[in-house]
Amino acid sequence: MKLTINEIAEMAQVAKSTVSKALNGQKGVSQETRQRILNIAKQVNFQPNFAAKALAQKKSNIIGFVLPHEAGFSLSGFYWAGVVTAAAEEVSKRGNNLMIISPLENEEGHILEIQDTIRSNSLDGLIIGAEQLDTKTLVSIMAEEIPFVFIGQNSTLQHYCVDVNNREGSDKLVTQMIKNGFKKIGCITGPEDYQYTRERVEGFNDAMKRAGLDSSRIMHTSYYEEDARKTTLKMIEENPDIDALYITAGGEFTLNIFETLRFSGISPKKLGLGVFDDSRIFDFLDFSVTTAKQPLNQIGAMATQLLFEQISGHTPEEKINLLPVEIILR
């Protein structure tokens, strides 16, 4: 079975035979369904990749790593830098090279398409940060028939992926904050359309409600500095009684929030802080932070191993691979 036909059928919510009939002009497909499938094919410039089949036995030994944001943003934090490093080491062990593919943004802040970059390079496989992957790009990648693995889960397509158990980890972290004596905890979190954001908020709600505490102090924001600062100030202004703050992502996002607290005259020493991320940098702060340490090395290595299983023609045993986080008091 071709991955492309199967996956497009899944996204179009029809049988693979229906996709085949629609693309080949055969009978047995309603005009509405045929047009819907053809529109998808046209949108992503779908065409059978005969060149890829002809070169199936000639490997390029190049693995692409698609970052979810432009490189300056993604690699400035601990998470993606750690995962990419682990993937690069695993790729190198196998005598291959890793190519970083970074999406760019235009002046309006929209992500520019990366399909041309992927199409113009001979790649054996892709490791993809699933965070911002849109349907058009996803279907285009599948049309190229390149094996791929997600870092994080994709809400559009259930495919081979490696992630942490976000809901459980968030629950454990907030439970620890409650054990530390904090009762009025505010939550600053990322974009609501990211799956891991929703899961971490669910974990926050689980812990707070189980303890009989108010879980309504939740604010979503983008990860850009200006938005993070504005949201932090709004959280403080609208909830002056909070005794702790839970931040569901790390890196520059967390540091911008910490800095905003200081400039607002609120000492982090007087506010309980929890972060779904971890770094030794927190050890050098003059206030305590409860963190959720994600196994970055294991995430990058496991994703690479899953990809090479597909490249070698094997079917990995598990599609969704969720790893636990470790709660650390910094």
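Above this text sits the structure in question.
What you see as residue numbers is a count from 1 along each chain, following the sequence as written. Local features in a predicted model are, by the rule used here, given only for residues with pLDDT of at least 70; side-chain atom pairs are given and counted only at 80 or more, and totals for whole chains, interfaces and linings are based on all residues. In computing side-chain properties, one takes all heavy atoms of the structure into account and sets aside hydrogens as well as water.

Enquirer: Help me get a handle on helix α11 (residues 225-238), residues and values and all.
Expert: Segments assigned H or I by DSSP are reported as helices when at least four residues long, segments assigned E as strands when at least two residues long, and all are numbered from the N terminus. By this rule the span expected of a helix is its residue count minus one, scaled by 1.5 Å. For α11, spanning 14 residues, the distance from its first C-alpha to its last is 20 Å, which sits close to the expected 20 Å at 1.5 Å a residue. Within the sequence span of α11, burial applies to Ala-228, Arg-229, Thr-231, Thr-232, Met-235 and Ile-236. Buried residues of α11 fall within an arc of 165 degrees about the axis and therefore sit on the same side. Away from its buried face by more than 90 degrees, α11 exposes Glu-226 and Glu-237. Those residues of α11 that are buried lie in contact with β6 (185-189), β7 (218-220), β8 (244-247) and α12 (252-263). For each residue, the accessible area found with a 1.4 Å probe, counting protein chains only, is set against the maximum for its type, and the residue is called buried under 20%, exposed over 50%, and partly exposed in between. What the arc covers is the set of directions going from the helix axis to the C-beta atoms. Throughout, a residue-residue contact means that at least one pair of heavy atoms, one from each residue, lies within 4.5 Å.

Enquirer: Report on the sheet that holds β6, specifying residues and quantitative values.
Expert: Strand order in this open sheet of six strands is β7-β6-β8-β9-β10-β12, and the pairing throughout is mixed. Because the sheet does not close on itself, it has two edges, and the strands there are β7 and β12 (326-329). Averaged over all pairs of adjacent strands, the angle between their axes in this sheet comes to 15 degrees, without regard to strand direction. Any two strands between which DSSP finds at least two bridges are classified as paired. Relative to β12, strand β10 (residues 290-293) runs antiparallel, the two sharing four bridges. Here an axis means a line fitted to C-alpha atoms, over the contact stretch when the element is a helix, while the angle between two N-to-C directions is reported on a 0 to 180 degree scale.

Enquirer: Can you tell me about the pattern of salt bridges, naming the residues and giving the values?
Expert: Salt bridges are defined as contacts in which a side-chain nitrogen from Lys or Arg sits within 4 Å of a carboxyl oxygen from Asp or Glu. Counted under the stated rule, the structure contains 13 salt bridges. A salt bridge links Asp-206 to Arg-167, with the shortest nitrogen-to-oxygen separation between them at 2.7 Å. Here Asp-206 is found in helix α10 (residues 195-210), whereas its partner Arg-167 is found in helix α9 (residues 166-179), with 39 residues between them in sequence. You can call Asp-206 partly exposed: its relative accessible area is 24%. One salt-bridge network, held together by shared partners, links Glu-90, Lys-93 and Arg-94.

Enquirer: Provide a residue-level description of the pairing of strand β4 (residues 148-151), including the pertinent values.
Expert: In β4, alternate side chains face the same way, and those of Phe-148 and Phe-150 on one face and Val-149 and Ile-151 on the other are all buried. As paired strands, strand β3 (residues 125-129) and β4 are joined by four bridges and run parallel to one another. Each residue of the ladder has a partner; that of Leu-126, found in β4, is Phe-148. Note that β4 and strand β5 (residues 161-164) share two bridges and pair parallel. Directly across from Phe-150, in β5, lies its bridge partner Cys-161.

Enquirer: Which residues make up the nonpolar core, and what values do they have?
Expert: Grouped burial of nonpolar side chains is what soluble globular proteins tend to show. Side-chain atoms within 4.5 Å link the members of a nonpolar core, which is a set of buried Ala, Val, Leu, Ile, Met, Phe, Trp, Tyr and Cys residues. In terms of nonpolar packing, the biggest core is built from 38 residues, with Phe-65, Ile-151, Ile-185 and Tyr-246 touching the most fellow members. Sorting elements by how many residues they give to this core places helix α13 (residues 296-311) first, with seven residues. Filtering out sequence-adjacent residues up to four positions away, Tyr-246 remains in contact with Ser-170, Leu-173, Val-174, Met-177, Ile-185, Gly-186, Cys-187, Ile-188, Arg-200, Phe-204, Gly-274 and Phe-276. The next biggest cluster of nonpolar side chains, apart from the first, holds 22 residues, and it includes Tyr-194, Leu-245, Leu-273 and Val-289.

Enquirer: Tell me what's going on with the packing of helix α6 (residues 78-93) against α13, and back it up with residues and numbers.
Expert: Where α6 contacts α13, the two axes come as close as 7 Å, and the packing angle between them is 45 degrees. One element, α6, and the other, α13, form an angle in the oblique class. Where α6 crosses over α13, the handedness of that crossing is right-handed. Two secondary-structure elements touch here, α6 through Phe-78, Tyr-79, Gly-82, Val-83, Ala-86, Ala-87, Glu-90 and Val-91 and α13 through Leu-296, Asn-297, Ile-299, Gly-300, Ala-301, Thr-304, Gln-305 and Phe-308. Residue composition of the contact of α6 with α13, by class: ten nonpolar, five polar and one charged. By definition in this entry, angles of less than 35 degrees are roughly parallel, angles greater than 145 are roughly antiparallel, angles of 65 to 115 are roughly perpendicular, and the rest are oblique. Helix crossings get a hand from a simple test, with the near helix turned counterclockwise from the far one by less than a right angle marking a left-handed crossing and a clockwise turn marking a right-handed one. Any residue outside Ala, Val, Leu, Ile, Met, Phe, Trp, Tyr, Cys, Pro, Asp, Glu, Lys and Arg is labelled polar, Gly included; the first ten of those are nonpolar and the last four are charged.

Enquirer: Give me the environment of Gln-310: which residues, what numbers.
Expert: Turning to its location among the elements, Gln-310 is positioned in helix α13. Taking the C-alpha atoms as reference points, Gln-310 and Val-149, separated by 161 residues in sequence, lie 9.1 Å from one another. Residues in contact with Gln-310, not counting those within four places in the same chain, are Pro-147, Phe-148, Val-149, His-159, Tyr-160 and Pro-316. Separated by 3.1 Å, the side chain of Gln-310 and the backbone oxygen of Phe-148 make a polar contact. Pairing of N or O atoms within 3.5 Å defines a polar contact, subject to two protein rules: one partner must be a possible hydrogen donor and the other a possible acceptor, and residues neighboring in sequence count only if both atoms are side-chain atoms.

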